[in-house]
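# An overview of the molecular structure
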Amino acid sequence: MSENHADLPLLPLTLTAAELLGLKKPAQGSWSQIRALQYAGLYKASPIRLAGHVLAALITAGLFVGHVPIYLLGPWLPLVYLGQWNATRIDRGLADSGHRAMSRAEFHRQSLAVAGAALPWSLALLVFPWFGDLSDHVGMWSVVAMLIAGSALMLSSAPMATIVFAVVTGTAASVSFGLQWQFLLAAMVIAFVITACFGAIKVARTFLAAEIAVAGVAEKSEVVSLLLREFEENEADWLWQVDTNRLVRSASPRFAFALGRDASEIEGTSFIKLVAGSAWDSGKFAPSLHDLAERLKRRESFSNLLVQVEVASGRRWWEISGTPMRDEKGDFLGFRGVGSDVTEQRESSEKIAYLARYDTLTGLPNRLMVTESLKDALRYSEQWRTRCAFLMVDLDRFKAVNDSLGHQVGDQMLAQVSQRLELLATDNEMCGRLGGDEFAVVIRDASDRGAVDRFAAKIIDALSQPYVVDNNTLYIGASVGSAMGPRDGDSVEMLMRNADLALYRAKDDGGGNHCKFEPALHAEAEERRQLESSLRFATEKDELLLNFQPVVDANSEQVVSFEALVRWQSAEHGFVRPDKFIPLAEDTRLIIPIGEWVLREACRQAVNWPEPIKVAVNVSGEQLLEPGFANCVVRALSDSGLAAHRLEVEVTESIFVRDAQIARQSLEEIMALGCTIALDDFGTGYSSLGYLRALRFSTIKVDRSFVQGAAQQSPESLAIINAVVAMARSLDMTTTAEGVEDAKQAAMIRELGCTKIQGYYFGRPMPAAEAAAIAERSRIGREAA
């Protein structure tokens, strides 16, 4: 094959006009390689085209000399030359496109160069006729028409160049004739241009089809030559021959080398004995070797027979083909054939097959094998009227381990989880990994009542035992969702979906338990789907609103701030509780746009409150870890006009477990603006003094569970509140007690030393107008005091 097209894929012999012109990617073949076929030879005609344009320019100058002012005609001639010279330069740059793929940028550059070469002629057609008579005008158009015709011939491979030149100059000519009321001539120009364009496309199609056909023939010839060359040079292939007694005759050097012996040593030896190795003495042949012996015995042809052999280099895989030899009378003379060592290919195929069906990290069956096993279990259940089961297992608190200690520790933990699951499995159960920290179990026969419950309990108990990874003792748990087949689904997809719904319920119930599928879960899933769909458009439909709950000074009981709380009044679902839609928003990352809306709206309302009352806005981990969150705060403050020191951002401790570095950086950027930071729900599960020391929080909020516990005289809750208050004082931070519901609790909190109080006793969440009124009364009260 020629060097130009050695790497061409299969190219179409027919193209649409748009594909031919390069305006559309062809259905088959490569756009860039088709363009290369078209444009690689343009440079050969460049000198002729340049000379033609120069000659045409001189003829045109002769027509209008003495009529057109010299200050117009003089510069025009160099413009014609420069335009065509530039087009020639671009064409020469494409001379090597046959050895590479032509880019779209080069295609556009060449088309623009042709348009640039046509521009001086368009200017002449529009300007020069005003200085001469109609005959000169027609004469100049005749010259341009000859250039168009010549372009169609010289640029037959690249019709776009002809069309660009024809359309640009033809448009100018038809306009100039029309301006001189020569509408018949204008119509003739348009007809000529259309004819030239169609002709260029037709000629180009013929040219390109011929080029592609030639390239295809050359490619086939190259492939045949390559195969012959590989056959001659490939030392892994060898010839073998045996006689009627299946003894080796005329042993080739390559065959002897494959056996690891000398050619003289194997001559006259049994072929089966040579390749059987130690199995010859024991008589325990591999099935493939037994198949070879039977075919030789039956004297039948065979092709590409895969045989396991044992030779001097060890156990190998050979691919053997053989044909019986017969003399002129048809008597059997033996076998002749070819063979090759395919051990590496066989091992690669086995490895690929393994990787396709097993998880590389844990060694457990992967999703593909799990689904195949479940399909087989369903088929078994249908055949024998039994039940099968599918269990989905999700690790509890694994993400916290992965985020805090790194993925390497997480991977080691997953490996230990898989080992524990394998120890639980019997011949009736198959454990696999679906991905991430999600595992699955297929129970082939689950007809025994309670079998699924017992196995799920074993999983939860086994996976909840402590793990030791890199000298770290770690604790996680497991949640299990199960579905029975065919009762809960007669297909793999349905059974897996229903088990997933059950797992979702188990996680919602706090994790560490087993939940069976119930039809009601479908209704819950559908409700969740509908809620998610409505929540996506809640901000656009103005369905979200803010309520504000006051936070008061523990001693004066004057309002010092309001906490902004988002509410959703859906047109479709009515009032939706925050504990229902906020987790949904966080799971679907809708919390990010909703959180931005809350931030903007809270600042807009708070700017109307008197100084120094603040507004506190809860920020989720998804928001805080989003790049550029500080910019959202800046925009909210700027758009509303609220002073930065009057905005307090509330965050929970869990964000530091997910990505402490990014969280800290975002909070430092917010504090640099002048905003304050409050730590919400302190002490509910992630507490660490490290980030309290690293970041200057303004407020620590004591969770309502400790306040309620202290109200019931719980020693643990009282001790925790005392410790938090003492720590906050030493770190120069304020403390806010949440969930205070009566005067007795308020007095208790005041005695414990908390500086601020929030709860129903001082006000429930209220609309913005009521919050503004309370803020105004608080201002009046402070001034009166």
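You'll find the structure just up there.
Keep in mind that this is a model prediction, so the values were computed, not measured. (Residues numbered from 1 in each chain as written. Predicted model: local features only at pLDDT ≥ 70, side-chain atom pairs only at ≥ 80, totals over all residues. Heavy atoms only, no water.)

### A short note on the pattern of salt bridges
Filter applied, for reference: What counts as a salt bridge is simple: a side-chain nitrogen of Lys or Arg found within 4 Å of a carboxyl oxygen of Asp or Glu. Partly exposed describes any residue whose relative accessible area lies between the buried limit of under 20% and the exposed limit of over 50%, with all areas from a 1.4 Å probe on protein chains only and scaled to the type maximum. Only runs of H or I of at least four residues qualify as helices and only runs of E of at least two qualify as strands under DSSP, and these elements are numbered from the N terminus.
In total, this model carries 28 salt bridges according to the counting rule given. Of the charged contacts, one joins arginine 249 and aspartate 243 as a salt bridge, the two residues approaching to 2.9 Å between their closest N and O atoms. The class for arginine 249 is partly exposed, based on a relative accessible area of 32%. With a relative accessible area of 15%, aspartate 243 lands in the buried category. Two residues, aspartate 396 and lysine 507, come together in a salt bridge whose shortest N-O distance is 2.7 Å. Placement of the pair is aspartate 396 in strand 5 (residues 388–396) and lysine 507 in helix 19 (residues 492–508), with a sequence separation of 111 residues. The buried category is assigned to aspartate 396, whose relative accessible area is 6%. Through salt bridges that share partners, Asp291, Glu294, Arg295, Arg298 and Glu300 make up one connected network.

### Here's the deal with the pairing of strand 2 (residues 302–311)
Filter applied, for reference: Any two strands are treated as partners once DSSP identifies two or more bridges connecting them.
Where strand 2 lies against strand 3 (residues 314–326), eight bridges are found, and the strand directions are antiparallel. When the bridges of strand 3 are listed, valine 311 appears paired with glycine 314.

### Quick word on the packing of helix 27 (residues 704–711) against helix 28 (residues 715–730)
Spelled out, the test is: To obtain an axis, a line is fitted to C-alpha atoms, over the contacting stretch when the element is a helix, and the angle between two such axes runs from 0 to 180 degrees between their N-to-C directions. Angles are sorted into four bins: roughly parallel if under 35 degrees, roughly antiparallel if over 145, roughly perpendicular if 65 to 115, and oblique for all others. Left-handed describes a crossing whose near helix is turned anticlockwise from the far helix through less than a right angle; right-handed describes the clockwise counterpart. Working rule for contacts: check all heavy atoms of both residues, and any pair within 4.5 Å makes them a contact.
Their axes nearest at 7 Å, the elements helix 27 and helix 28 cross at an angle of 125°. Between helix 27 and helix 28, the crossing angle belongs to the class labelled oblique. In terms of crossing hand, the pair formed by helix 27 and helix 28 is left-handed. For the pair formed by helix 27 and helix 28, the contact residues are Ser705, Phe706, Val707, Gly709 and Ala710 on the first element and Ser717, Leu718, Ile720 and Ile721 on the second.

### Examining the sheet that holds strand 5
The strand order across the open sheet formed by five strands is 6-7-5-10-11, and the pairing between neighbours is mixed. In this open sheet, the two edge strands, each paired with only one partner strand, are strand 6 (429–435) and strand 11 (514–516). Recorded for the sheet is a direction-independent mean angle of 20° between the axes of neighbouring strands. Pairing of strand 5 with strand 7 (residues 438–443) involves six bridges; the strand directions are antiparallel. From the neighbouring strand, methionine 392 faces strand 7, where its bridge partner is alanine 440. Contacts from helix 19 reach strand 5, strand 6, strand 7, strand 10 (477–485) and strand 11 within the one sheet, and its direction differs from that of strand 10 by about 145°.

### A few points about the state of the cysteines
Stated formally: Throughout, disulfides are identified as pairs of cysteine sulfur atoms within 2.5 Å of each other.
For the structure on display, the rule yields zero disulfides. Among the cysteines around cysteine 515, which has no disulfide bond, cysteine 388 carries the closest sulfur, lying 18 Å off. Assessed through its relative accessible area of 11%, cysteine 515 is described here as buried.

### Describing the nonpolar core
In globular proteins that are soluble, nonpolar side chains generally tend to be buried together. Applicable threshold: Buried Ala, Val, Leu, Ile, Met, Phe, Trp, Tyr and Cys residues form a nonpolar core when they are joined through side-chain atoms within 4.5 Å.
Core analysis: the biggest nonpolar cluster contains 79 residues, and Val615, Leu647 and Val651 have the highest contact counts within it. For this core, the element with the highest residue contribution is helix 22 (residues 591–606), accounting for nine residues. Those residues in contact with leucine 647, other than ones at most four positions away along the chain, are Leu599, Cys603, Val615, Val617, Val633, Leu637, Leu642, Cys675 and Thr676. In this structure, Ala56, Ala124, Val164 and Ala173 belong to the second largest nonpolar core, which totals 46 residues.

### Details of the sheet that holds strand 1 (residues 237–242)
If you walk across this open sheet you meet the four strands as 1-4-3-2, and the pairing is antiparallel. Either end of the sheet is taken by a strand with one partner, and the two such strands are strand 1 and strand 2. On average, adjacent strands in this sheet sit at an angle of 35° to one another, irrespective of strand direction. With six bridges joining them, strand 1 and strand 4 (residues 332–341) adopt antiparallel strand pairing. The partner of leucine 239 across the bridge, within strand 4, is valine 338. Each of strand 1, strand 2, strand 3 and strand 4 touches helix 13 (residues 287–298); the most contacted strand, strand 2, lies at about 125° to it.

### Considerations on the pairing of strand 19 (residues 734–737)
In plain terms, the rule: With its strands directed away from the observer, a crossover is right-handed exactly when the path from the first strand over the helix to the second travels clockwise.
The sheet contact formed by strand 18 (residues 699–702) and strand 19 spans four bridges and is parallel. By the bridge assignment for strand 19, isoleucine 700 is matched with threonine 735. Pairing analysis gives two bridges linking strand 19 to strand 20 (residues 756–758), with the strands arranged parallel. Across the sheet, residue alanine 737 finds its bridge partner in strand 20, namely isoleucine 757. Once the chain exits strand 19 it traverses helix 29 (residues 743–752) before rejoining the sheet at strand 20, and the crossover so formed is right-handed.

### Overview of the packing of helix 3 (residues 46–64) against helix 4 (residues 70–93)
Running from amino to carboxyl end, helix 3 crosses helix 4 at an angle of 170°, the nearest separation of the two axes being 10 Å. By the criterion of interaxial angle, the relationship of helix 3 to helix 4 is roughly antiparallel. Residues Ser46, Pro47, Arg49, Leu50, His53, Val54, Ala57, Leu58, Thr60 and Ala61 of helix 3 pack against Leu73, Trp76, Leu77, Val80, Tyr81, Gln84, Trp85, Thr88, Asp91 and Arg92 of helix 4.

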